[in-house]
Amino acid sequence: MDLVIGPLDLSARVDEALSVQAIAFGLAPDEVAVRRQIVLRHMTNPGARALGVTTAEGRLAGFVYGMPNDRAHWWSTVVEPYLRALGNTHWLDDSFVITELHVHPAYQNRGAGRALITAITDDVPQPRSILSAIDIDSPARALYRSLGYHDLARRVLFPSAPRPYAVMGAPLPLLRRQTDFRPSRADG
């Protein structure tokens, strides 16, 4: 099945994207409602961008979005003390944050997540990228490590999150492998 990566009007397709995230991340309807408002607010930030991976039929199979980091944003204020304790606060400056990256389970393990994250960071002006991921050994964390991300802080507790997270950072451009699957890229 062919998958195509291209620009995503995340504000217009927020409900479709969040349904992918709900399935991939196991979100309850009340969590989706909260995240909907967050996504819509994020997409108004300068430099915010989103990409989607769609099936040949145009169904959204995954998405990524991010933006230049701003120390005044909620996420930065939560992770800053953890980074400070390890001497890593400079990662909050001049960084592109991967806010969300999710691929529907039916389309995982095909290279879509790797293609999405590398495509969204390829032409950002920031010299590095940061993100947070649940602090367990998982396919997502293995993917991030293979792209050059490393742990900047672990056991980060976000309010209302049931599990701790790790904050990871990587210099840009992200690492590539010759065997990377590269879905077609839509013009636009």
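Going by the structure above, here's the rest.
To keep things clear, this report deals only with the structure shown in the data block. All of these numbers come straight from a predicted model, not from anything done at the bench.

Parameters at a glance
Throughout, a residue's number is its position along its own chain's written sequence, starting from 1. With the structure being a predicted model, the display of local features is reserved for residues of pLDDT at least 70 and the display and counting of side-chain atom pairs for 80 or more, all residues being used for whole-chain, interface and lining totals. Side-chain metrics in this entry use all non-hydrogen atoms of the structure; hydrogen atoms and water are not considered. Only DSSP runs of H or I covering at least 4 residues are called helices, and only runs of E covering at least 2 are called strands; the numbering of each starts at the N terminus. To sort residues, take the accessible area from a 1.4 Å probe on protein chains only and compare it with the maximum for the residue type: under 20% means buried, over 50% means exposed, and anything in between is partly exposed. Computed with a 1.4 Å probe, the accessible areas rest on the Shrake-Rupley method; for each residue, only the protein chains presented here act as cover. When charges are counted, Lys and Arg are positive and Asp and Glu negative, with His and the chain ends excluded. Think of each charge as sitting on NZ of Lys, CZ of Arg, CG of Asp or CD of Glu. Here the nonpolar core consists of buried residues drawn from Ala, Val, Leu, Ile, Met, Phe, Trp, Tyr and Cys, with membership extended through side-chain atoms lying within 4.5 Å. Two residues qualify as a contact provided that any one of their heavy atoms is within 4.5 Å of a heavy atom in the partner residue. Salt bridge, as used here, is a side-chain nitrogen of Lys or Arg placed within 4 Å of a carboxyl oxygen of Asp or Glu. Think of each axis as a best-fit line through the C-alpha atoms, taken over the contacting stretch in the case of a helix, with angles from 0 to 180 degrees between the N-to-C directions. Each angle is binned into one of four classes, with values under 35 degrees roughly parallel, values over 145 roughly antiparallel, values of 65 to 115 roughly perpendicular, and all other values oblique. By convention the crossing between two helices is left-handed if the near helix lies anticlockwise of the far one by an angle smaller than a right angle, and right-handed if it lies clockwise. By the convention adopted, Pro, Cys, Tyr, Trp, Phe, Met, Ile, Leu, Val and Ala count as nonpolar, Lys, Arg, Asp and Glu as charged, and the other residues, Gly among them, as polar. Strands pair, by our definition, only if DSSP identifies at least two bridges between them.

Moving on to the overall build of the protein chain. What the protein chain contains, in helices and strands, is five helices and eight strands. The order of helices and strands in the protein chain, counted from the N terminus, is β-α-α-β-β-α-β-α-β-α-β-β-β. On the principal axes, the C-alpha backbone points of the protein chain span a range of 50 × 40 × 35 Å. When burial is assessed residue by residue, the protein chain has 47% of its 188 residues classed as buried. For the protein chain, the accessible surface area stands at approximately 9,500 Å², while carbon and sulfur atoms represent 54% of it. Averaged over its 20 positive side-chain charges, the protein chain has a centre that lies 4 Å from the centre of its 19 negative ones.

Let us now look at the nonpolar core. Ranked by internal contacts, the top residues of the largest apolar core, which has 28 residues, are Ile98, Leu116, Ile117, Leu131, Tyr144 and Tyr149. At the level of secondary structure, the elements contributing two or more residues to this core comprise β1 (3-7), β2 (49-55), β3 (60-68), β4 (95-103), α4 (112-121), β5 (128-134), α5 (139-146) and β7 (165-171). Considering each element in turn, this core owes the most residues, six residues, to α4. Apart from the residues lying within four places of it in its own chain, the contact partners of leucine 116 are Ile5, Leu51, Gly52, Val53, Gly62, Phe63, Val64, Leu101 and Val103. In terms of nonpolar packing, the next biggest core, distinct from the first, is built from 15 residues, Val97, Val156, Phe158 and Val167 among them.

With the exception of glycine, most residues fall at negative phi, and the peptide bonds are largely trans. Here the amide bond leading from leucine 172 into proline 173 is cis, since omega sits at 0 degrees, within 30 degrees of zero. For proline 173, the position within the fold is in the loop between β7 and β8 (184-185). With a phi angle near 55 degrees, aspartate 94 is a residue other than glycine that sits in the positive phi range. Along the chain, aspartate 94 falls in the loop between α3 (74-85) and β4. With phi around 70 degrees, serine 160 is a residue other than glycine that occupies positive phi space. Inspection of the secondary structure puts serine 160 in the loop between β6 (150-156) and β7.

Within this structure, the stated rule accounts for 13 salt bridges. Notably, a salt bridge pairs arginine 154 with aspartate 135, separated by 2.6 Å at the nearest N-O pair. With arginine 154 in strand β6 and aspartate 135 in the loop between β5 and α5, this pair connects stretches of sequence that are 19 residues apart. Residue class for arginine 154 comes out partly exposed when judged on its relative accessible area of 44%.

Quick look at the packing of helix α1 (residues 14-25) against helix α2 (residues 29-42) now. Between α1 and α2, the least distance of the axes is 10 Å, while the angle of their chain directions is 130 degrees. Taken as axis vectors, α1 and α2 run oblique relative to one another. As for how α1 packs across α2, the hand of that crossing is right-handed. Residue-level inspection shows Val14, Asp15, Leu18, Gln21, Ala22 and Phe25 of α1 in contact with α2, the latter providing Val32, Arg35, Arg36, Val39 and Leu40. Grouping the amino acids of the contact of α1 with α2 by side-chain chemistry returns seven nonpolar, one polar and three charged.

The next subject is the pairing of β7. In terms of residue burial, β7 counts as a mostly covered element, since six of its seven residues are buried. Pairing analysis gives four bridges linking β6 to β7, with the strands arranged antiparallel. Across the sheet, the residue bridging to aspartate 151 is methionine 168, located in β7.

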